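# Remarks on the overall topology
So the chains spell out like this:
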Amino acid sequence: MMERLTVAERQQAMLITAVLALAGLILAIAGRNDPMGVHGWMTLFFAGGLFFVVGNALYAAEPTEDRTTSYYDDPTKVGILLSLFWAVVAMGMGVWVAAQLAWPDLRFDAAWSSFGRIRPVHTSGVIFGFGGNALIATSYHVMQRTSRARLAGHVSPWFVLLGFNLFCIIAASGYLMGITQSKEYAEPEWYADIWLVIVWVSYFVLYMRTLARRNEPHIYVANWYYMAFILVVAMLHIVNNLAVPASFSAAKSYSAFSGVQDAMTQWWYGHNAVAFFLTSGFLGMLYYFLPKRAERPIYSYRLSILSFWGIVFFYIWAGSHHLHYTAVPQWVQTLGMTFSVMLLVPSWASAGNALMTLNGAWGKVRDDATLRFMMVAAVFYGLSTFEGSFMAVRAVNSLSHYTDWTVGHVHAGAMGWVALITFGSIYALVPILWRRESMYSWKLVEWHFWLALIGTVIYVFAMWNSGIIQGLMWRTYTESGTLAYSFTDSLVAMHPYYVARTIGGAFFLTGAIIGAFNVIMTIRRVRQDTHELDYPTKSEAGEPAVPVAE
Amino acid sequence: MLRKILKPFSKFFEFHARTHYRAERHSMGLTIGIIAAAAVGGFVEIAPLFSIDDTVEADPNMRVYTPLEQAGRDIYIREGCYACHSQMIRTLRDEVDRYGPYSLAVESQYDHPMLWGSKRTGPDLARVGEKFSDEWQVQHLADPRSLVPESVMPQYAFLLNTSLETASLPGRLAALRTVGVPYTDEQVANAADDARGQAIPDSDRAYAVEERYGEATNIRFFDGRRDRLTEMDALVAYLQILGGLSDLPRNMQIPEGD
C-alpha cells in the first residue's frame, strides 16, 4: 500500500504519527496515577507502530503512473475490514450483555466485566466501531465515484480513518477501566473528545476538497447525507461534551450543564446521534448502493430533496420526546412530540423513494441477497421511523419509556436498518474495491441474510413483549387501589424474553461472522477482474457518476 | 378545495426544489444550508432553559453533595449504574405510588451531569435514600441475590475492599464549582478530610463536616468497616442521600388523604 504514497507524503505521515506519539507520552506521564495514563501508553504504541510501518518503507519505490487516473481505494479497503472487525467484537459484546440480564452470574469475578461497564463497549462498538468505520469507508468510495475524482490527498484519508479508530479503541478500553462521562453514546472523556474534534474537522476538509475536484456539476444526493452526517455530528459532539476536567492529570471531568439543561442537551445529542449518525449517513449509503445495485435511477429526485431537508430540519427538535413527564418544561416536551410525529413524512418519503426505486426490479430482489439486504433495510427503516413517531406520543411514551420496548425499537433500527444496509453495501462494494469477479460465496450471503433477518425478528418481538408486559405490570392496580405487582414480579416475568433476546442476538452475530469470513475469502480466493470503467474522468466513457443516467 | 389548500404548499415546494437545485452545485451552499436548518431546533428548545426563571424551582435550602457523597456519585457513574436505574420519577400516578413524589427540576440542579437514566432494568433510585439500612445496602451491593434471589443486578463486592481515593477530591469540588455548584473555599480545601470525617462518627473531622455541610448530614460507618475508608462507604453515602437534598417535593406534593 505504501507504494501509492510519495516520499514526501510518507514523511508527512511520519511527522503526524510522531506528534501523536508525543501527545501519547505526555498523556501517559501526566496520567501516571490514573487510568488515563493507560490511554497515553496506548496512544504512544498506536502512533509509534504506525511511525515504524511508514518509516520502514520510507525510501521504497514511489508511484510512477499518474495517480489522478485512478481512484484511491486503499483507505476504503482498510475501513471495510475494520468495520467488520468491530462488528464481530461489538455484536459479540452485545450477546454477552444480553446474556447477563438472563443469567447475571455469567461474568468474571472482576470489576470490568459487570453489565454497567461492558454495555457501553457494545453500544459504542456497534455505533462508532462498526457503523462509523462503514460510514467513513463508504463515504470515501461514494464521494470519489459520484464526483468522478480521486480523493483529495493521500495522508488525510488515513489520518481520519485511523484517528477515528484510535478514538474507538480509547473509548472501548476506557469503559472497561471505568472511564466514562455517563452521557449515553457520548461516554468518552475530555481528551478523547478533543481528539475526535480534530479528526472530524479533517474529515470535513477532506470531503470538501474532494467535492471541489469533481467532474460533475451536481453534488449527488448521497453526498448531501454524508455532509449532513459530518456537520451535524460535529455540532452535537462539541456542545454535548462541554465539560471541565477535575485535573489535567486524570480522566474525570464534570459536564458544563446540570439537571434539566443537561438532560435536554444530552437528549438533543442522543436523539440526533440516531438521526445524523445512524440515519443520515446510512441514507447516504442507501442512496448510492441501492440504485447502483438495482441498476435503476432513484425513483424521484424531488422526493429526495423534500426528505433530505425535512430530516435535517425536523429531527433536531425531536430529542425532548425522551423526557416526557419529567421535570423538563411541558412546552419543550410538546414541541418534541409534535416534531417527532411530523418527522414521519420525510422519513417515509425516503423509505418510499428507496422501495419505489426497486419497483420493476423485484426479480433482482428475489435472486440477489445483496439487494435484498438493502430492500429489507429500507423496510425496517420505514417501520422503525413509524414506531419512533408513535412512541414519541406522550400517552404511548408513558407506557414505553424506561422499558424494553425502547430497547426493541433501537434494535429494529440498529439491526434491521443500519446493519442490514451496511452489510448489503459491503457485499456490493467488496468485489469492486478488490477487483474481484464476485463474492466468494453467494450461498453464504444468503445464509447471512436469513440469519440476520430471523435474529432481528426474534430480538424485536422479544423486546416488544417484555417491554409492554413490563409497562403494564408497573401501572396495574388492584381493585382496592394499590399497585398489583412488585418490581421483582416484573423482573421475573422478563426472564423468558431475555433468554429469547440473547438467542436472537446470537443469530445476528453468527451472520456477521459468516459475512466477515466471506469477505476475507473473497479477497484471498476469488479471481481478479478489471472493472475497467471504474476510474475518474471528465468524459462520459467511464462508469456513470450517478446510478444510471437520469 | 383540496387544490386551494395545497396551493401554498406546492408553491413552497417548487421554490424549495429550485433553491436546492442551485445550492447542490455549491458545496459551501449546502454546508451553510445544513448548519442553518439543523441549528434552529436546538436553539429554540435549549437556550430558553437557561434563561427562563421558572424552569427550575427555587429552593434556598437545597443542599450540595458532601465530598464523600460526590465520590460515591462518581463511582455510580464509573460502574454504569445509570444503565439500569433511572433517577427521575415521572408525573404519573403509578410512579408516584411506587417511588414517591415526582422529581422536581431543582433536585438535580447540582447534578453535573444529570443521571435521570433511560431504562429501568432495576427500580428508580431517585428517592431510595434511607429506604433501606446501610447494612442492607452494603449486603445488597456485595451480593444482590442473597437478598433478592430473582435479581439480575451485578455484584460489587470489590467495593468493600477498595480504599477510596481522596486526594483528588479538592480538585473535583473545584471543577464542580467552576460549572456552578456553590462550594465554599473551605469546603474545597478540606474535601479530602471531610470525606474521611463523614464515615467516622464522633471524631473531630466528623464535627468539621457537620459544621461545613449542616446538622442533617449523615455521618456513619456506612460500610460497617471501622478500619478504612472504602469505595463502599462513598457509594452507600451517595445512595442514602438520594431524594434528600431538597424538601421541596414532599412539601409541594402533599399525598391525598393527609
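All figures in this text were calculated on a predicted structure; none of them were measured in a lab. (Residues numbered from 1 in each chain as written. Chains lettered and ligands numbered in written order. Predicted model: local features only at pLDDT ≥ 70, side-chain atom pairs only at ≥ 80, totals over all residues. Heavy atoms only, no water.)

### Some words on the overall build of chain A
- Summing up its helical and strand segments, chain A has 17 helices and two strands in all.
- Its C-alpha atoms give chain A a radius of gyration of 24 Å, near enough to 24 Å, the size a compact globule of 550 residues would have.
- A total of 550 residues make up chain A; the buried ones form 65% of that total.
- Sequence separation of at least 24 residues holds for 82% of the intrachain contacts in chain A that already meet a minimum separation of 6.
- Looking at chain A as shown, the accessible area adds up to about 19,400 Å², and 69% of this sits on carbon and sulfur atoms.
- Averaged over its 33 positive side-chain charges, chain A has a centre that lies 3 Å from the centre of its 31 negative ones. (Helix = DSSP H or I, 4+ residues; strand = E, 2+ residues; numbered from the N terminus. Rg over C-alpha atoms; globule rule 2.2 N^0.38 Å. Buried < 20%, exposed > 50% of the residue type's maximum accessible area, 1.4 Å probe, protein only. Contact = heavy atoms within 4.5 Å. Areas by Shrake-Rupley, 256 points an atom, 1.4 Å probe, with all protein chains shown as cover. Lys, Arg positive; Asp, Glu negative; His and termini not counted. Charge placed at Lys NZ, Arg CZ, Asp CG, Glu CD.)

### Topic: the UniProt feature "domain: Cytochrome c" (unreviewed entry) in chain B
- UniProt feature "domain: Cytochrome c" (unreviewed entry): in the numbering of this structure it lies at residues 67–199 of chain B.
- Segment residues 67–199 of chain B splits into 41% helix and 0% strand. End C-alpha atoms: 11 Å apart. (UniProt positions renumbered as here; feature names shortened; annotations may be inferred.)

### Concerning the interface of chain B and chain A
- At the interface, 85 residues of chain B touch 93 residues of chain A.
- When the two sides are added together, the surface that chain B and chain A hide from each other amounts to roughly 7,700 Å², 66% of it contributed by carbon and sulfur.
- For the chain B face of the interface with chain A, the top three residues by lost area are Glu45, Arg90 and Arg98 of chain B, together amounting to 10%.
- Connecting chain B to chain A are 31 residue pairs in polar contact (both at pLDDT 80 or more).
- Sorting the residues of the side of chain B that touches chain A by element identifies α1 (2–23), α2 (27–51), α3 (67–78), α4 (93–99) and α7 (169–178) of chain B as the ones contributing at least two each.
- A total of 19 residues in the side of chain B that touches chain A trace back to one element, the largest contributor, which is α2 of chain B.
- Among the residues making up the side of chain B that touches chain A, the classes are represented as 41 nonpolar, 25 polar and 19 charged. (Buried area = accessible area lost by both parts, 1.4 Å probe. Polar contact = N/O pair within 3.5 Å; in protein donor to acceptor, adjacent residues only side chain to side chain. Nonpolar A, V, L, I, M, F, W, Y, C, P; charged D, E, K, R; others polar.)

### Brief notes about the packing of helix α8 (residues 259–294) of chain A against helix α13 (residues 369–391) of chain A
All names here are of chain A.
- At a minimum axis separation of 10 Å, α8 and α13 run at an interaxial angle of 140°. Our classification of the angle between α8 and α13 gives oblique. Here α8 and α13 pass one another in a crossing that is left-handed. Of the residues in α13, those touching α8 at Thr279, Leu283, Leu286, Phe289, Leu290, Arg293 and Ala294 are Thr370, Leu371, Met374, Ala378 and Tyr381.
- Class assignment for the residues of the contact of α8 with α13 results in nine nonpolar, two polar and one charged. (Axes fitted to C-alpha atoms, helices over the stretch in contact; angles between N-to-C directions. Parallel < 35°, antiparallel > 145°, perpendicular 65-115°, else oblique. Left-handed = near helix turned anticlockwise from the far one by under 90°.)

### Brief notes about the domain arrangement of chain B
- By the assigned domains, chain B splits into domain 1 (2–55) and domain 2 (67–251).
- Placing the centre of domain 1 of chain B and that of domain 2 of chain B at their C-alpha centroids yields a distance of 44 Å. (Domains from an automatic or database assignment.)

### Some thoughts on the packing of aromatic side chains
- Within this structure, the stated rule accounts for 48 aromatic pairs over all chains.
- Residues Phe128 of chain A and Phe277 of chain A carry aromatic rings whose centres are separated by 5.2 Å and whose planes lie at 85° to one another, so their mutual orientation is edge-to-face. Of this pair, Phe128 of chain A sits in helix α4 (residues 115–147) while Phe277 of chain A sits in helix α8, and the two are 149 residues apart along the sequence.
- For the ring pair Tyr65 of chain B and Tyr238 of chain B, a centre distance of 5.9 Å and an interplane angle of 55° mean the geometry is tilted. Of this pair, Tyr65 of chain B sits in the loop between α2 and α3 while Tyr238 of chain B sits in helix α11 (residues 231–241); the two residues are 173 residues apart in sequence, bridging distant segments of the chain.
- The class of Tyr238 of chain B is buried, set by a relative accessible area of 0%.
- Through a chain of ring-to-ring contacts, three or more aromatic side chains come together here, namely Phe128, Tyr140, Phe164, Phe167, Trp200, Tyr203, Phe229 and Phe277 of chain A.
- Seen from the ring of Tyr325 of chain A, Arg394 of chain A lies directly overhead, with NZ or CZ sitting 4.2 Å from the centre.
- Here Arg93 of chain B stacks its cationic end above the ring of Tyr477 of chain A, 3.9 Å away from the centre of that ring. (Phe/Tyr/Trp six-rings, centres within 6.5 Å; stacked < 30°, edge-to-face > 60°. Lys NZ or Arg CZ within 6 Å of the ring centre and 35° of its normal.)

### A look at the UniProt feature "transmembrane region" (unreviewed entry) in chain B
- Taking the UniProt record as the reference, the feature "transmembrane region" (unreviewed entry) is found at residues 28–50 of chain B.
- Along residues 28–50 of chain B, the helical share is 100% and the strand share 0%, with 32 Å between the first and last C-alpha atoms.

### Observations regarding helix α15 (residues 404–433) of chain A
- Along α15 of chain A, the helix axis deviates most sharply at Ala419 of chain A, where the bend reaches about 30°.
- Of all 30 residues making up α15 of chain A, 26 are buried, and the element is well covered by its neighbours. (Bend = angle between axes of the 7 residues up to and from the residue.)

### Points about empty space enclosed by the protein
Residue and element names in this part refer to chain B.
- Following the criterion strictly, the structure yields 10 cavities of 30 Å³ or more and no others.
- If you add up the space inside the second largest cavity, you get close to 180 Å³.
- Lining the second largest cavity are 17 residues, with Gln87, Glu107, Ser108, Asp111 and Ala126 positioned closest to its centre.
- Counted by class, the lining of the second largest cavity contains eight nonpolar, six polar and three charged residues. (1 Å grid on protein atoms, 1.4 Å probe; cavity = no way out; pocket = protein on both sides within 12 Å on 5 of 7 lines; lining within 4 Å. Points joined across faces, edges and corners; volume = space filled by probe spheres on them.)

### What about a nonpolar patch on the surface?
Residues and elements named next belong to chain B.
- Together, Met1, Leu2, Ile5, Leu6, Phe9, Phe12, Phe13 and Phe15 give the surface a local cluster of nonpolar side chains, amounting to about 910 Å² of exposed area.
- Locating Leu6 in the fold gives a position in helix α1.
- Take Leu6: its relative accessible area is 45%, and that puts it in the partly exposed class. (Patch = residues over 30% accessible without salt bridge, like charges linked within 9 Å, V, L, I, M, F, W, Y side chains within 5 Å. Salt bridge = Lys/Arg side-chain N within 4 Å of Asp/Glu carboxyl O.)

### Observations concerning the environment of Tyr288 of chain A
- Inspection of the secondary structure puts Tyr288 of chain A in helix α8.
- Considered as a pair, Tyr288 of chain A and Phe423 of chain A are 135 residues apart in the sequence and their alpha carbons are 14 Å apart.

### Quick word on the environment of Asp143 of chain B
- Here Asp143 of chain B is to be found in the loop between α5 (134–142) and α6 (144–147).
- Between the C-alpha atoms of Asp143 of chain B and Met153 of chain B, which are 10 residues apart in sequence, the distance is 8.9 Å.

### Thoughts on the pattern of salt bridges
Residues and elements named next belong to chain A.
- Taken as a whole, this structure holds 38 salt bridges over all chains when the rule is applied.
- For Arg145, the salt bridge goes to Asp534, with nearest N and O atoms at 2.8 Å. In this pair, Arg145 is assigned in helix α4 and Asp534 in the segment after α17 (487–525), connecting sequence segments 389 residues apart. Residues Arg145 and Asp534 agree in their burial class; the two are buried.
- Glu295 is paired through a salt bridge with Lys364; the nearest N and O atoms lie 3.3 Å apart. Remark: Lys364 occurs in helix α12 (residues 362–367) and Glu295 occurs in the loop between α8 and α9 (301–315); sequence separation between them is 69 residues.
- The exposed category is assigned to Glu295, whose relative accessible area is 53%.
- In this structure Lys364 comes out as partly exposed when scored by relative accessible area, which is 34%.
- By sharing partners, the salt bridges in this structure join Asp73, Arg145, Arg435 and Asp534 into a single network.

### Topic: the packing of α9 of chain A against α1 of chain B
- One way to put it is that α9 of chain A packs onto α1 of chain B with a least axis distance of 10 Å and a crossing angle of 90°. Classified by the angle their axes make, α9 of chain A and α1 of chain B are roughly perpendicular. Taking contact as the criterion, the partners of Tyr301, Arg302, Ile305, Leu306 and Trp309 of chain A in α9 of chain A are, on α1 of chain B, Phe13, Glu14, His16, Ala17, His20 and Tyr21 of chain B.
- Class assignment for the residues of the contact of α9 of chain A with α1 of chain B results in seven nonpolar, two polar and two charged.

### A look at the state of the cysteines
- Tallied over the full model, the rule gives zero disulfides over all chains.
- This cysteine, Cys81 of chain B, is not joined by any disulfide, and Cys84 of chain B carries the nearest cysteine sulfur, 8.5 Å off. (Disulfide = S-S within 2.5 Å.)

### What to know about helix α3 (residues 74–102) of chain A
- With 29 residues, α3 of chain A should reach 42 Å at 1.5 Å per residue; the first-to-last C-alpha distance of 43 Å fits that figure.
- In terms of burial, α3 of chain A is largely enclosed, as 23 of its 29 residues are buried. (Expected span 1.5 Å × (residues − 1).)

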